[in-house]
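Here is what each chain is made of, one letter per residue.
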Amino acid sequence: MIGGLCVLLALLVQVMLVNRLPLPGGGAPDLVLLAVVGAALARGAVPGAVLGFIAGLVVDIAPPGAHLAGQYAFVLALVGYVAGRGAGGPVTTVVLCVLLAPLLAVGVSMLIGDSRVTLATLTEEVPVTIVYTLLVSPVVIWLATRGGEPRYST
């Protein structure tokens, strides 16, 4: 429940505030991705995948939904599952998922023949998005994991 509310809040902040900020490099952090990763860290692989799928569907239809519905749902479901399984600890898991998600999204876009995704997208936009997402990740992950039982001991 709290994970879903956190994802919904992240989506609202993403669409209404973050996507409108003129950040250097043209990218923006992916708050929804971080909220899904945080919820998956706190709750496990299957809840993470389900929450990632639902969050992805909402992102797919939220403005400016310029890609196929289900595309980001697939990516966030896989990332939610990976985050829920863990990759050696919470920090390693977050970094892995933040690196994996945009690359997976670009790969899926290229597989379905999205003409807007080019090599420039991979070399110019993806690194900026990864850096911004990693910069805000401590705050978002902290907020997203507050509601559940921690799976990792400190």
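Residues numbered from 1 in each chain as written. Predicted model: local features only at pLDDT ≥ 70, side-chain atom pairs only at ≥ 80, totals over all residues. Heavy atoms only, no water.

You'll find the protein chain entered in an unreviewed UniProt entry as Rod shape-determining protein MreD, with Nonomuraea wenchangensis given as the organism. In its Sequence similarities (unreviewed entry) section, the UniProt entry covering the protein chain states "Belongs to the MreD family." Here is the UniProt Subcellular location (unreviewed entry) comment for the protein chain, exactly as written: "Cell membrane". (UniProt positions renumbered as here; feature names shortened; annotations may be inferred.)

Peer 1: Talk me through the nonpolar core; I want residue IDs and the actual numbers.
Peer 2: Across soluble globular proteins, nonpolar side chains show a tendency to be buried alongside one another. Formed by 38 residues in total, the largest nonpolar core has its most connected members in V32, L33 and V37. Looking at this core, the elements with two or more residues in it are α1 (2-16), α2 (31-43), α3 (45-61), α4 (71-85), α5 (90-111) and α6 (119-145). With 10 residues, the single largest contributor to this core is α2. (Core = buried A, V, L, I, M, F, W, Y, C linked by side-chain atoms within 4.5 Å. Buried < 20%, exposed > 50% of the residue type's maximum accessible area, 1.4 Å probe, protein only. Helix = DSSP H or I, 4+ residues; strand = E, 2+ residues; numbered from the N terminus.)

Peer 1: I'd like a description of the UniProt feature "transmembrane region" (unreviewed entry) in the protein chain, backed by residues and values.
Peer 2: Residues annotated in UniProt with the feature "transmembrane region" (unreviewed entry) correspond here to residues 36-59, 66-84, 90-113 and 125-144. End-to-end, the C-alpha atoms of residues 36-59 are 12 Å apart, and along that stretch the chain is 96% helix and 0% strand. Structurally, residues 125-144 is divided into 100% helix and 0% strand, and its ends, taken at the C-alpha atoms, are 26 Å apart.

Peer 1: Just give me the short version of the side chain of S137, but keep the residues and values in it.
Peer 2: If you trace the backbone, S137 turns up in helix α6. With a relative accessible area of 8%, S137 lands in the buried category.

Peer 1: Any chance you could break down the environment of V13 for me, citing the residues and the numbers?
Peer 2: With respect to the helices and strands, the residue V13 is situated in helix α1. Residues V13 and L31, 18 residues apart in the sequence, show an inter-C-alpha distance of 8.0 Å. If we ignore the near neighbours within four places in the chain, the residues touching V13 are V18 and L31. (Contact = heavy atoms within 4.5 Å.)

Peer 1: How would you summarise the side chain of D30 if you had to cite specific residues and measurements?
Peer 2: Position of D30 relative to the elements: it lies in the loop between α1 and α2. A distance of 3.1 Å separates the side chain of D30 from the backbone nitrogen of L33, its partner in a polar contact. Beyond its immediate sequence surroundings of up to four residues, D30 is in contact with Q14, Y72 and T133. (Polar contact = N/O pair within 3.5 Å; in protein donor to acceptor, adjacent residues only side chain to side chain.)

Peer 1: Could you give an account of the confidence of the model for the protein chain, naming the residues involved and the relevant values?
Peer 2: Residues with a pLDDT of 70 or more make up 92% of the protein chain, whose mean pLDDT is 84. Predicted confidence in the protein chain is weakest over α1, with a mean pLDDT of 84, and strongest over α4, with 93. (pLDDT = per-residue confidence, 0-100.)

Peer 1: Tell me what's going on with a nonpolar patch on the surface, and back it up with residues and numbers.
Peer 2: Nonpolar side chains collect at one region of the surface, where L5, L8, L9, L12, V13, M16, L17 and L21 lie side by side and expose about 740 Å² of accessible area between them. One can find L9 in helix α1. A residue is classified by how much of its surface remains accessible, and L9, at 53% relative accessible area, is exposed. (Patch = residues over 30% accessible without salt bridge, like charges linked within 9 Å, V, L, I, M, F, W, Y side chains within 5 Å. Areas by Shrake-Rupley, 256 points an atom, 1.4 Å probe, with all protein chains shown as cover. Salt bridge = Lys/Arg side-chain N within 4 Å of Asp/Glu carboxyl O.)

Peer 1: If you had to explain the packing of α3 against α4 to someone new, which residues and values would you point to?
Peer 2: Axis angle and axis distance: for two packed helices, these are the angle between their axes and the distance between the axes, and together they describe the pair. Relative orientation of the contacting elements α3 and α4 amounts to 155°, with a least axis distance of 7 Å. Regarding the angle of α3 to α4, the classification is roughly antiparallel. As α3 runs across α4, the sense of the crossing is right-handed. Contact residues: A45, G48, A49, G52, F53, A55, G56, L57, V59 and D60 in α3; Q71, Y72, A73, L76, A77, G80, Y81, G84 and R85 in α4. Grouping the amino acids of the contact of α3 with α4 by side-chain chemistry returns 11 nonpolar, 6 polar and 2 charged. (Axes fitted to C-alpha atoms, helices over the stretch in contact; angles between N-to-C directions. Parallel < 35°, antiparallel > 145°, perpendicular 65-115°, else oblique. Left-handed = near helix turned anticlockwise from the far one by under 90°. Nonpolar A, V, L, I, M, F, W, Y, C, P; charged D, E, K, R; others polar.)

Peer 1: Explain the packing of α5 against α6 to me, using residue names and the numbers behind them.
Peer 2: Direction vectors running N to C along α5 and α6 enclose 145°, while the axes themselves pass 9 Å from each other. Remark: the crossing between α5 and α6 carries right-handed chirality. Residues V94, V95, V98, L99, P102, L103 and V106 of α5 touch α6, and the partners they reach there are T121, L122, V126, I130, T133, L134, S137 and I141. For the contact of α5 with α6, a count of residues per class yields 12 nonpolar, 3 polar and no charged.

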